Amino acid sequence: MELHGKSAIVTGGANGIGRELTKALAREGASVAVIDLDTRNFKSIEAESDKVFCIECDLTDPLQIREKVDVIYDRLKTVEILVNNAGILYSAPLVGITSDGIRKHDFEKWDTVIKTDLSSVFYMTATVVERMIKCRTKGVIVNISSVAAAGNAGQSAYSAAKAGVNALTATWAKELGNWNIRVAGVAPGYSDTDSTHAVMGDGNLAEVVSRVPLKRLGKADEVSAAILSVVKNDFFNGKILEIDGGLIV
Amino acid sequence: MEIETLIGDVLGVDSNQVSDSLAMKESDRWDSLKHMELIVALEQTFQVELTFDEIVAMRTVGEIRRILGEKGALT
Ligand SMILES: NC(=O)c1ccc[n+]([C@@H]2O[C@H](COP(=O)([O-])OP(=O)(O)OC[C@H]3O[C@@H](n4cnc5c(N)ncnc54)[C@H](O)[C@@H]3O)[C@@H](O)[C@H]2O)c1
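Computed from a predicted structure; not experimentally measured. (Residues numbered from 1 in each chain as written. Chains lettered and ligands numbered in written order. Predicted model: local features only at pLDDT ≥ 70, side-chain atom pairs only at ≥ 80, totals over all residues. Heavy atoms only, no water.)

Novice: What is the right way to read the pattern of salt bridges from this model?
Specialist: Side-chain pairs of opposite charge can arise where the charged atoms are in close proximity. Taken as a whole and judged by the stated rule, the model has 18 salt bridges over all chains. Across the pair A:Asp100 and A:Arg103 runs a salt bridge, and its minimum N-O distance is 3.0 Å. (Salt bridge = Lys/Arg side-chain N within 4 Å of Asp/Glu carboxyl O.)

Structure follows, in structure tokens:
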């Protein structure tokens, strides 16, 4: 897919990987609607390129999604590219001994992570694909998964959500091929974003890095380049591209 | 094997940094998953079986030393 003149939605585009991807898409000539809950960077993101605009939306709420997607279509008229990138990382064992004693995984946190990392992908894609089908748009959906989809100790909710994202990717690739809509995924390993440092802590990250053959974290621009290549390659479909420095081999 | 060496190996820190006052609460390397790795390593190395209450109590190096001592594992 040639990006010049195309329109894209990047969820979670206000920070980290999504922000890098937004810049890269705009550089290649695409118009980009960023959807995010965090509005703090909206002004600076819009100032970087006149091809980008930002919309506040909580992606766990399907009603807000419907409303905001309508606003995006009013402005862009069509959307060929949807990148479901928004997500939260949460680590906690099912049952563990902590410095406060024995503690089991918080049930509300489970619900929040599943809603944010899995249900939002479902709501968002259903809403956009309905429009794509009605407009007979040749499009591509890229879901940002994680190597945690294989099951990371200490990340029940996050791993389950990302495994769900992989299953949706395969399911939709089979369902939507007839409509000329590709669906694929990108699964980063541990990447150098603010939220990774905040959630993992530097001690845990040092241990993770020691297991990566390249002995470093991925950079947001390296991950965004992988996403871009999936968007562009018209024969990449139904599969998950892993970009993890060789962590899982 | 010395307790300090074993704990240092499991937590990935130099054994010189392992003192009795080292506590789970203050170490960003000693989380609940590492705690269970540590318990398994202690049980195997010192040939002891720890009770649940002992596992929960072993949240400082001092407590680990005390409990292993009480079980006669350090003689
Ligand atoms: N950074 C990593 O190491 C890593 C590794 C594997 C996978 N990933 C995945 O890559 C994606 C991006 O990660 P990142 O590190 O750039 O994260 P990030 O925290 O920097 O960015 C995620 C964005 O999603 C937004 N968001 C969260 N919940 C939202 C909601 N309910 N509604 C709208 N927006 C919401 C946040 O505000 C944030 O801007 C995520 O899906 C993450 O799971 C990241």
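Additional details are given in the paragraphs that follow.
Novice: Whenever I open this one, the packing of helix H3 (residues 62-76) of chain A against helix H4 (residues 107-134) of chain A confuses me. Can you help?
Specialist: Pairs of packed helices are described in terms of their axes, by the angle between the two and the distance that separates them. Residues and elements named next belong to chain A. For the pair H3 and H4, interaxial distance at closest approach is 10 Å and the crossing angle is 40°. Relative to H4, the crossing made by H3 is right-handed. Each of Pro-62, Ile-65, Arg-66, Val-69, Asp-70 and Tyr-73 in H3 lies in contact with H4, whose residues at this interface are Ser-120, Tyr-123, Met-124, Thr-127, Val-128, Glu-130, Arg-131 and Met-132. Here the contact of H3 with H4 is built from residues that sort into eight nonpolar, two polar and four charged. (Axes fitted to C-alpha atoms, helices over the stretch in contact; angles between N-to-C directions. Helix = DSSP H or I, 4+ residues; strand = E, 2+ residues; numbered from the N terminus. Left-handed = near helix turned anticlockwise from the far one by under 90°. Contact = heavy atoms within 4.5 Å. Nonpolar A, V, L, I, M, F, W, Y, C, P; charged D, E, K, R; others polar.)

Novice: Can you walk me through the packing of aromatic side chains in this structure?
Specialist: Where two aromatic rings form a pair, the distance of their centres and the angle of their planes describe that pair. Residue and element names in this part refer to chain A. The tally for this structure, following the rule as stated, stands at one aromatic pair over all chains. Where Phe-122 meets Tyr-123, the ring centres are 6.3 Å apart and the plane angle is 65°; that geometry is what we call edge-to-face. The ring of Phe-53 has Arg-75 lying over it, and the distance from NZ or CZ to the ring centre is 4.0 Å. A cation over an aromatic ring shows up here: Arg-131 above the ring of Tyr-73, its NZ or CZ 4.2 Å from the ring centre. (Phe/Tyr/Trp six-rings, centres within 6.5 Å; stacked < 30°, edge-to-face > 60°. Lys NZ or Arg CZ within 6 Å of the ring centre and 35° of its normal.)

Novice: Help me out: how do you make sense of the pairing of strand E1 (residues 7-11) of chain A in this one?
Specialist: Two faces belong to every sheet, and in a regular strand the side chains alternate between them. Residue and element names in this part refer to chain A. Summarising burial for E1: five of the five residues are buried, a large majority. Burial of E1 is two-sided: the residues Ser-7, Ile-9 and Thr-11 facing one way and the residues Ala-8 and Val-10 facing the other way are all buried. For the handedness criterion, the β-α-β arrangement of E1, helix H1 (residues 16-27) and strand E2 (residues 31-36) is classed as right-handed. Two elements, E1 and strand E4 (residues 81-84), share three bridges in a ladder whose sense is parallel. Opposite Ala-8, over in E4, you have Ile-81 as the bridge partner. (Buried < 20%, exposed > 50% of the residue type's maximum accessible area, 1.4 Å probe, protein only. Right-handed = clockwise from strand over helix to strand, strands pointing away. Pairing = 2+ DSSP bridges.)

Novice: Even after reading the chapter, I still don't get the site of the ligand, so can you show me in this structure?
Specialist: All names here are of chain A. Close to the ligand lie 28 residues; Asn-15, Asp-36, Asn-85, Tyr-158 and Ser-191 are nearest. Between Ile-17 and the ligand, the recorded distance is 2.8 Å, taken from a backbone N or O atom to an oxygen atom. The contact in question runs from an oxygen atom of the ligand to an N or O atom on the backbone of Ser-191, over 2.7 Å. (Near = heavy atom within 4 Å. Polar contact = N/O pair within 3.5 Å; in protein donor to acceptor, adjacent residues only side chain to side chain.)

Novice: How do you make sense of H4(A) when you look at a structure like this?
Specialist: Along an α-helix, a turn takes 3.6 residues, which lines up residues three or four apart on a common side. All names here are of chain A. With 28 residues, H4 ought to run about 40 Å at 1.5 Å a step, and its terminal C-alpha atoms sit 39 Å apart, in line with that. The opening residue of H4 is Asp-106, an N-cap whose side-chain oxygen sits 2.8 Å from the backbone nitrogen of Glu-108. Positive backbone phi, approximately 50°, marks Arg-136, located one or two places after H4. (Expected span 1.5 Å × (residues − 1).)

Novice: Where do I start with the environment of A:Gly16 in this structure?
Specialist: All names here are of chain A. As for its position among the elements, Gly-16 is in helix H1. The sequence separation of Gly-16 and Ile-240 amounts to 224 residues, and the corresponding C-alpha distance is 20 Å. When residues no more than four places from it in sequence are discounted, the contact partners of Gly-16 are Thr-193 and Ala-220.

Novice: Mind showing me how you'd approach the packing of helix H1 (residues 3-11) of chain B against helix H4 (residues 61-70) of chain B here?
Specialist: Residue and element names in this part refer to chain B. The geometry of H1 relative to H4 is characterised by a closest axis approach of 11 Å and an angle of 130° between their N-to-C directions. In this view, H1 runs oblique relative to H4, as classed from their interaxial angle. Classified by chirality, the crossing of H4 by H1 is right-handed. In this structure, H1 contributes Ile-3, Glu-4 and Ile-7 to the contact, and H4 contributes Val-61, Ile-64, Arg-65 and Leu-68. For the contact of H1 with H4, the per-class residue count stands at five nonpolar, no polar and two charged. (Parallel < 35°, antiparallel > 145°, perpendicular 65-115°, else oblique.)

Novice: Is there a simple way to think about a nonpolar patch on the surface in this case?
Specialist: Taken together, the side chains of A:Leu94, A:Val95, A:Ile102 and B:Phe52 make up a nonpolar region of the molecular surface, amounting to roughly 410 Å² of accessible area. Inspection of the secondary structure assignment puts A:Leu94 in the loop between E4 and strand E5 (95-98). (Patch = residues over 30% accessible without salt bridge, like charges linked within 9 Å, V, L, I, M, F, W, Y side chains within 5 Å. Areas by Shrake-Rupley, 256 points an atom, 1.4 Å probe, with all protein chains shown as cover.)

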